[in-house]
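Structure assessment
Letter by letter, the chains look like this.
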Amino acid sequence: MAAAAMVAAAGGSDFSDLREIKKQLLSVAERSRERGLQHSGKWAAELAFALDPLPLSELPPPPVLTEEDARDLDAYTLAKSYFDLKEYDRAAYFLQGCKSQKAYFLYMYSRYLSGEKKKDDETVDSLGPLEKGQVKNEALRELRVELSKKHKAQELDGFGLYLYGVVLRKLDLVKEAIDVFVEAAHVLPLHWGAWLELCNLITDKEMLKFLSLPDTWMKEFFLAHIYTELQLIEEALQKYQSLIDAGFSKSTYIISQIAVAYHNIRDIDKALSIFNELRKQDPYRIENMDTFSNLLYVRGMKPELSYLAHNLCEIDKYRVETCCVIGAWTLMGHEYMEMKNTSAAIQAYRHAIEVNKRDYRAWYGLGQTYEILKMPFYCLYYYRRAHQLRPNDSRMLVALGECYEKLNQLVEAKKCYWRAYAVGDVEKMALVKLAKLHEQLNESEQAAQCYIKYIHDIYSCGEVVEHLEVSTAFRYLAQYYFKCKLWDEASACAQKCCAFNDTREEGKALLRQILQLRNQGETSSTDVAAPFFLPASLSANNTPTRRVSPLNLSSVTP
C-alpha cells in the first residue's frame, strides 16, 4: 500500500510542489534505511535537507503495517540489528521463512552481501594481483534462481527488483539487468539506487533513447547524472541548472555534480572554485574528493593536495575515495608499469575498471601496458575505450594516432593527430606527429603547414616544450623554404636552427649555402607564396625549455 502511494506521488516531472517532493524523499529515505540500503537513504536525505523544513502537521506518516509485516516483525527487528553489525549470515538465518516484502528483501540482501564480504576477504588473502580477478561471489547464482522465480510470479516490489537487477549485473547479464532496473524505476521511481545502477550500464546516448523511463521528477536527476557520465556536459549542466532553479540550490549533491562536470571538460579553475565552496558547506564530505584531488594535482597545488589527503585520512582512512587521493588501483598500475611488471600492472588496471568502469586513466594505462608489450591491436582497443570516455582529451587522441601509425593505418593516424590539435593539444605534440607523417608520405607542403602552426602555437602561448621538436620544426622549414628558393624565410629559419645544439651545424651550413647562392646572383622565387613569416618577437635568445613528453606515466593523471 505504501509503495503504491509512493509510485502515484512520484508521477509527473513537475517541481511545483516542493513540500510534497520533500515528503516523498523523507519517506523513501526511511524505507531505504529499513532495508539496509544506506546509500540510497543518504541520497534521499541529503536532497530532502536541501529543501525547506516541513511543519509537524505535514510530516509523512509511518508506513502502514500489513499482517505479514506484523508476523515477521520480531524476526525482522532481530535480523536488522545483526545486519547493521555486518553479521549477514546470522541475519539471513533468522529471516528464513519470512513472507513480508521488507523482511524477504533483507533476507536476500543479507545473503548477497555475505557473498560479497566473503569475496572481499578472499581477495585480501589472495597471493597476488593475478589471483584477485578470479575471486567470485558464490551466492549470485542461487540468488538469481530464487529472484527469477519471484520475478516471473510478479512477487517482487521495487526494492526486490533492484536487488534482482544487481545480481544480474554482477553475473554480467547486462541486457537483462537493464530491463529489470527500468522495471524497478517504474515500480518505485523514488528509489535512487535503481536509477544509479541504470546509469552504470548505459554506455551511449543511443542506448538512452531506447529506454522506456517513467515520467517522474526523479527522471530529471537521472538524466543530469547520465549526461555527466556520458560526457554530454553541456546537456548535464543545463539539467542541473534547471534543478537549481526548481528549488534545489542548496543541494550539495547537485553542487558536487556540477564540479565534476566542469572537471570533465577541463575547466579546472571553475571546478576548483566549486569544490572549494562545497568543502566549506560540507567539510567532512568524502564523495568526489578523488576528483578534487585530481584537479589539485593538475594545478600543481601540492600543499593543498597534502592537506586534503591528511584531512580525508582523519575522517575515514579506508574509504575508496581516500585511497584514490593517496594512491589506489590506477596508481598501483602506474607503479607496476614503472617496475616493468606488466602482468601485475594489467591486473591492477583491470581491478580499477571493476571498481569504476569509467576510470579512463585505467583504460589508458592498459593501452600503455600493451604498447610496451608490442601488442598494437590490444592497445588500440584500450585507447579507444579511454577516448570514448574522454572524447576531447588530446592525450587519448595522440595515443590512438600513434597506435594507428604502428599498424600502418596512416589515414586514421592523421585524423587522430588533427583532432587532437583541434580539441586543444595539452602536450603540444599532435602537430609535430602529424607533420612527420606528412614527411613520410612526401607531402611536403602539408608538413610545412603543420610545423608552422606548431611554432606559432609554442611561441604565442608561451608554453615550454622539448628543444628537439622546436629545432626539428625549424630545420624542416629551413630546408623546405630553401627548396622553394625563398631565401629570406629559409635564412630566418636557419638562424633559429643555430640556437639549438642538435641543429646548429645544419643551420650554419644552410646559411652559407644561401649566402653563396645570393652572391652568385640567385634571387628568391616569386612563384611560390611563402605561407609563413617568422614573428619578429622570436629572437635567437627566446629559446623554450623542456616540457613533459607524451605518454609519460607521470602525466596520466589529469
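Note that this is a predicted model, so its numbers are computed, not measured.

1. Examining the overall build of the protein chain
Across its full length, the protein chain carries 30 helices and zero strands. Counting across all 558 residues of the protein chain, residues that qualify as buried make up 50%. The contacts in the protein chain between residues at least 6 apart in sequence include a share of 62% that link residues at least 24 apart. Surface exposure of the protein chain reaches about 27,500 Å², of which carbon and sulfur atoms provide 52%.

2. Observations regarding empty space enclosed by the protein
This model, assessed by the stated rule, comprises three cavities of 30 Å³ or more. Taken as a whole, the second largest cavity holds about 50 Å³ of empty space. If you trace the second largest cavity, you find it lined by Leu 65, Asp 69, Asp 72, Leu 73, Tyr 76, Ser 100, Lys 102 and Ala 103. Among the elements that take part in the lining of the second largest cavity, helix H4 (residues 67–84) stands out by supplying four residues, more than any other.

3. With respect to the environment of Arg 35
By the element assignment, Arg 35 lies in the loop between helix H2 (18–34) and helix H3 (38–49). Owing to a relative accessible area of 5%, Arg 35 belongs among the buried residues under this scheme. Each C-alpha atom, one on Arg 35 and one on Phe 83, is 9.5 Å from the other, the two residues being 48 residues apart in sequence. Filtering out sequence-adjacent residues up to four positions away, Arg 35 remains in contact with Lys 80, Phe 83, Lys 102, Phe 105, Leu 106, Tyr 109, Asp 157 and Phe 159.

4. Digging into the packing of aromatic side chains
In the structure shown here, the tally under the stated rule is 29 aromatic pairs. Among the aromatic residues, those joined into a cluster by ring pairs are Phe 15, Trp 43, Trp 192, Trp 217, Phe 221, Phe 248 and Tyr 253. One residue, Lys 150, lies across the ring of Tyr 104, its end atom 4.5 Å from the ring centre. The ring of Trp 363 has Arg 385 sitting right over it, with the charged end atom 4.2 Å from the ring centre.

5. Some points on the nonpolar core
Residues Leu 25, Trp 43, Tyr 112, Trp 217, Phe 221, Phe 222 and Ile 226 are the most contacted members of the largest nonpolar core, which totals 100 residues. Here this core takes nine residues from helix H6 (residues 101–125), the largest share from any one element. The contacts of Phe 221, once residues within four sequence positions are left out, are Phe 15, Trp 43, Leu 47, Trp 192, Leu 243, Phe 248, Tyr 253 and Ile 254. Ranked by size, the runner-up nonpolar core spans 69 residues in total, among them Ala 399, Tyr 454, Ala 494 and Leu 517.

6. Concerning the pattern of salt bridges
Enumeration according to the criterion identifies 31 salt bridges in this entry. Note that Lys 42 is salt-bridged to Glu 287, the shortest N-O span being 2.0 Å. Of this pair, Lys 42 sits in helix H3 while Glu 287 sits in the loop between helix H16 (268–281) and helix H17 (289–298), placing them 245 residues apart in sequence. Judged by relative accessible area, Lys 42 falls into the partly exposed class, the value being 31%. In this structure Glu 287 comes out as buried when scored by relative accessible area, which is 19%. Ionic pairing is found between Lys 415 and Glu 412, a salt bridge with its closest N-O pair at 3.6 Å. With a gap of three residues between them, Lys 415 and Glu 412 both fall in helix H25 (residues 410–424), about one helical turn apart. Among the residues examined, Glu 412 registers a relative accessible area of 30% and is labelled partly exposed. Overlapping salt bridges bring together Glu 34, Arg 35 and Lys 102 as one network.

7. A word on the packing of helix H23 (residues 376–389) against helix H24 (residues 394–406)
Helix-helix packing is characterised by the crossing angle of the two axes and by the distance between the axes. The N-to-C vectors of H23 and H24 enclose an angle of 160°; their axes lie 9 Å apart at closest approach. Judged by the angle between their axes, H23 and H24 are roughly antiparallel. As H23 runs across H24, the sense of the crossing is left-handed. Of the residues in H24, those in contact with Pro 376, Cys 379, Leu 380, Tyr 383, Arg 384, Ala 386 and His 387 of H23 are Met 396, Leu 397, Ala 399, Leu 400, Cys 403 and Tyr 404. Residue composition of the contact of H23 with H24, grouped by class: eleven nonpolar, one polar and one charged.

8. Regarding helix H26 (residues 430–440)
Counting along an α-helix, one turn takes 3.6 residues, and residues three or four places apart therefore face a common direction. Most of H26 sits out of view: eight of its eleven residues are buried. Among all positions of H26, only Ala 430, Leu 431, Val 432, Lys 433, Leu 434, Ala 435, Leu 437 and His 438 are buried. At the C-terminal side of H26, Asn 442 shows a positive phi close to 60°.

9. Thoughts on the state of the cysteines
Applying the stated criterion to the full structure yields zero disulfides. Counting only cysteine sulfurs, Cys 403 is the nearest neighbor of Cys 416, a cysteine outside any disulfide, at a range of 9.4 Å. A relative accessible area of 8% places Cys 416 in the buried class. You can see Cys 497 has no disulfide; the closest cysteine sulfur is in Cys 498, sitting 6.9 Å from it. Owing to a relative accessible area of 2%, Cys 497 belongs among the buried residues under this scheme.

10. A few points about unusual backbone geometry
Trans peptide bonds make up the majority, and among non-glycine residues the majority have a negative phi. A positive phi angle, near 65°, is found at Gln 231, a position not held by glycine. Turning to its location among the elements, Gln 231 is positioned in the loop between helix H13 (218–229) and helix H14 (233–248). One non-glycine residue, Lys 428, lies in positive phi territory at about 55°.

11. Describing the packing of helix H11 (residues 192–201) against H13
Two elements in contact, H11 and H13, have axes separated by 10 Å at closest approach and are oriented at 30°. In terms of orientation, H11 lies roughly parallel with respect to H13. Like other packed secondary-structure pairs, H11 and H13 cross with a definite hand, here right-handed. Between H11 and H13, the contacting residues are Trp 192, Trp 195, Leu 196, Leu 198 and Cys 199 on the first element and Met 218, Lys 219, Phe 221, Phe 222, His 225 and Ile 226 on the second. For the contact of H11 with H13, a count of residues per class yields nine nonpolar, one polar and one charged.

12. Side note on the side chain of Ser 256
Relative to the elements of secondary structure, Ser 256 occurs in helix H15 (residues 252–264). Contacts of Ser 256, omitting those with residues within four sequence positions, involve Leu 278, Arg 285 and Asn 288.

13. Some thoughts on the side chain of Asn 311
Within the element layout of this structure, Asn 311 appears in helix H18 (residues 302–316). When neighbours within four sequence positions are excluded, Asn 311 is seen to be in contact with Arg 279 and Pro 283.

14. Section: the confidence of the model for the protein chain
In the predicted model, the protein chain carries a mean pLDDT of 84, and the fraction of residues at 70 or more is 85%. Here residues 126–132 is a poorly scored stretch, pLDDT under 50, and it has nine contacts once near neighbours within four places are set aside; other chains count. Predicted confidence is poor over residues 532–558, with pLDDT under 50, and the contacts of this stretch with residues over four places away or in other chains come to 84 contacts.

Cut-off values and rules
Residues numbered from 1 in each chain as written. Predicted model: local features only at pLDDT ≥ 70, side-chain atom pairs only at ≥ 80, totals over all residues. Heavy atoms only, no water. Helix = DSSP H or I, 4+ residues; strand = E, 2+ residues; numbered from the N terminus. Buried < 20%, exposed > 50% of the residue type's maximum accessible area, 1.4 Å probe, protein only. Contact = heavy atoms within 4.5 Å. Areas by Shrake-Rupley, 256 points an atom, 1.4 Å probe, with all protein chains shown as cover. 1 Å grid on protein atoms, 1.4 Å probe; cavity = no way out; pocket = protein on both sides within 12 Å on 5 of 7 lines; lining within 4 Å. Points joined across faces, edges and corners; volume = space filled by probe spheres on them. Phe/Tyr/Trp six-rings, centres within 6.5 Å; stacked < 30°, edge-to-face > 60°. Lys NZ or Arg CZ within 6 Å of the ring centre and 35° of its normal. Core = buried A, V, L, I, M, F, W, Y, C linked by side-chain atoms within 4.5 Å. Salt bridge = Lys/Arg side-chain N within 4 Å of Asp/Glu carboxyl O. Axes fitted to C-alpha atoms, helices over the stretch in contact; angles between N-to-C directions. Parallel < 35°, antiparallel > 145°, perpendicular 65-115°, else oblique. Left-handed = near helix turned anticlockwise from the far one by under 90°. Nonpolar A, V, L, I, M, F, W, Y, C, P; charged D, E, K, R; others polar. Disulfide = S-S within 2.5 Å. pLDDT = per-residue confidence, 0-100.

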